[in-house]
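# Structural characterization, general
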Amino acid sequence: MKQIRVIVVGASGRMGRMLVRAVAESRHGLLAGATERPGSEFVGRDAGELAGVETLAVRIVDDINACADADVLIDFTAPAATLKHAAFAAGRGMGMVIGTTGFDAAQMQQLRDTLADSPVIMAANYSVGVNLALSLIERAAQVLGDDYDAEIFEAHHKHKVDAPSGTALAMGKALAAGRGVALDDVAVLSREGITGVRKAGSIGFSVVRGGNIVGEHQAMFIADEERIEIHHNASDRMVFARGAVRAASWLSEQSTGWYDMQDVLGLKA
Ligand code: NAD
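Everything in this summary refers to the structure shown in the same document.

Quick notes on the rules
Residues numbered from 1 in each chain as written. Predicted model: local features only at pLDDT ≥ 70, side-chain atom pairs only at ≥ 80, totals over all residues. Heavy atoms only, no water. Helix = DSSP H or I, 4+ residues; strand = E, 2+ residues; numbered from the N terminus. Rg over C-alpha atoms; globule rule 2.2 N^0.38 Å. Buried < 20%, exposed > 50% of the residue type's maximum accessible area, 1.4 Å probe, protein only. Contact = heavy atoms within 4.5 Å. Areas by Shrake-Rupley, 256 points an atom, 1.4 Å probe, with all protein chains shown as cover. Lys, Arg positive; Asp, Glu negative; His and termini not counted. Charge placed at Lys NZ, Arg CZ, Asp CG, Glu CD. Core = buried A, V, L, I, M, F, W, Y, C linked by side-chain atoms within 4.5 Å. Near = heavy atom within 4 Å. Polar contact = N/O pair within 3.5 Å; in protein donor to acceptor, adjacent residues only side chain to side chain. Nonpolar A, V, L, I, M, F, W, Y, C, P; charged D, E, K, R; others polar. Pairing = 2+ DSSP bridges. Axes fitted to C-alpha atoms, helices over the stretch in contact; angles between N-to-C directions. Salt bridge = Lys/Arg side-chain N within 4 Å of Asp/Glu carboxyl O. Expected span 1.5 Å × (residues − 1).

## Examining the overall build of the chain
Regarding its fold elements, the chain presents nine helices and twelve strands. Over its C-alpha trace the chain gives a radius of gyration of 19 Å, about what one expects of a compact globule, namely 18 Å for 269 residues. In terms of its C-alpha atoms, the chain occupies a principal-axis envelope of roughly 60 × 40 × 35 Å. Out of the 269 residues belonging to the chain, those deemed buried represent 50%. Taking the intrachain contacts of the chain between residues at least 6 apart in sequence as the baseline, contacts between residues at least 24 apart amount to 69%. A total of about 13100 Å² of accessible surface is found on the chain, and carbon and sulfur atoms cover 49% of it. When the 26 positive and 33 negative side-chain charges of the chain are each reduced to one mean point, those points stand 4 Å apart.

## Some thoughts on the environment of Ser-40
Mapped onto the elements of the fold, Ser-40 is located in the loop between β2 (29-35) and α2 (47-50). Taking the C-alpha atoms as reference points, Ser-40 and Ala-57, separated by 17 residues in sequence, lie 19 Å from one another.

## A look at the nonpolar core
Ranked by size, the top nonpolar core spans 40 residues in total, and within it Val-8, Leu-19, Ile-74, Val-97 and Tyr-126 carry the most contacts. Listing elements by their share of this core, those giving two or more residues are β1 (4-9), α1 (14-25), β2, α2, β4 (72-75), α8 (238-251) and α9 (261-264). Counting residues per element, this core draws most heavily on α8, at eight residues. With near-sequence residues (within four places) excluded, Ile-74 lies in contact with Val-6, Ile-7, Val-8, Val-9, Leu-19, Val-97, Ala-244, Val-245 and Ala-248. Ile-152, Leu-183, Val-186 and Ile-230 belong to the second largest nonpolar core, which has 23 residues in total.

## Examining the site of the ligand
Around the ligand there are 22 residues in total, and Arg-14, Met-15, Glu-36, Thr-101 and Arg-237 lie nearest to it. Between a nitrogen atom of the ligand and a side-chain N or O atom of His-85, the distance comes to 3.4 Å. Between the ligand and the protein, one listed contact pairs an oxygen atom with a side-chain N or O atom of Arg-237 at 2.8 Å. When the ligand sits alone it has 860 Å² of accessible area, and the protein chains cover 81% of it. Of all the elements in the fold, those that place two or more residues in the shell around the ligand are α1 and α3 (79-92). Here the residues of the shell around the ligand are counted per class, giving seven nonpolar, ten polar and five charged.

## Remarks on the sheet that holds strand β8 (residues 187-188)
If you trace the five strands from one edge of the open sheet to the other, you get β8-β9-β7-β10-β11, paired in mixed fashion. On the outer flanks of this sheet lie β8 and β11 (227-234), each paired with one strand and no other. Contacting β10 (215-222) and β11, helix α5 (residues 128-144) crosses the sheet at an angle of about 170° to β11.

## Structural notes on the pattern of salt bridges
In the structure shown here, the tally under the stated rule is twelve salt bridges. For Arg-5, the salt bridge is made with Asp-71, and the minimal N-O distance between the two is 3.1 Å. On the criterion of sequence distance, the pair formed by Arg-5 in strand β1 and Asp-71 in the loop between β3 (60-61) and β4 is long-range, its members being 66 residues apart. Taking the shortest distance from any N to any O, the salt bridge between Glu-25 and Arg-21 comes out at 3.3 Å. With Glu-25 and Arg-21 both in helix α1 and four residues apart, the pair spans about one turn of that helix. In the salt-bridge network here, residues are joined through shared partners; they are Asp-149, Glu-151, Arg-191 and Arg-198.

## Considering α5
The terminal C-alpha atoms of α5, which comprises 17 residues, lie 24 Å apart, in line with the 24 Å expected from a rise of 1.5 Å per residue. Within α5, burial applies to Val-130, Asn-131, Ala-133, Leu-134, Ile-137, Ala-140, Ala-141 and Leu-144. Taken together, the buried residues of α5 touch α6 (166-179), β10, β11 and α9. Two to three positions downstream of the cap, the backbone nitrogen of Gly-129 sits 3.2 Å from a side-chain oxygen, assigning the N-cap of α5 to Ser-127. Positioned one or two residues after α5, Gly-145 has a phi angle of 65°, which is positive.

Now the structure itself:
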């Protein structure tokens, strides 16, 4: 596999530091640039040292235009920032690996329009295990049908600002796809007060936030006599960073198109 040059935006963030480390530790990756938002105290710092690896001779800048040329931009920041980065990547003909979650429908449309002619991977979760779980959930939903009540649970650290997590929604979509329905038509995103009895065919979500939980997701298929659970527990955020760098290597060999981790891992039929 050829070596790829990578820009990591949001390089001092929780994921940004892991991404810099994952690029440094990868045999195929070379850090070409690292950015932070204007005003960040980390602008000017050495990206490698901040990430806890040796210096990579790349200082964090607050203007992405000051970064050296690269093949792929990896973005785990926030929706508004990702939209700006998308315009930059499209303008430079660069691929984009997007980990940011929490886009609303209008932002999502803008992102798709901006990157219509770019190679893009967007995944709610870059862990290999979670992507395998998504496949298993879709298959389980096909086999079990809606005789089994489907519920999705997720837990994350106290800093997470969106809910349910992008991964929980991806699990909901996989489950709905297995049943041949659209998630939007059957999702119950929260419950409070007199909710009435459970609606047959609905997919319920529940959310926990606290401490430093990296990411826990569970899909439950509940019948009167048995319960099937597909459970994934991430214990270290490096799992997402390594997956994103693997995705960046794969993307550097693709032409224009929107892909996800199922494509990267060859999990699609
Ligand atoms: P964080 O707040 O620790 O990091 C985000 C970083 O982006 C911050 O350092 C912030 O200053 C920086 N940033 C904001 N605007 C910027 C701009 N215009 N230019 C450059 N940098 C900018 O958050 P986090 O925990 O690292 O998560 C970031 C995102 O990644 C969230 O949306 C989260 O849900 C998502 N995430 C996705 C996955 C996945 O596998 N898809 C895994 C973990 C986190």
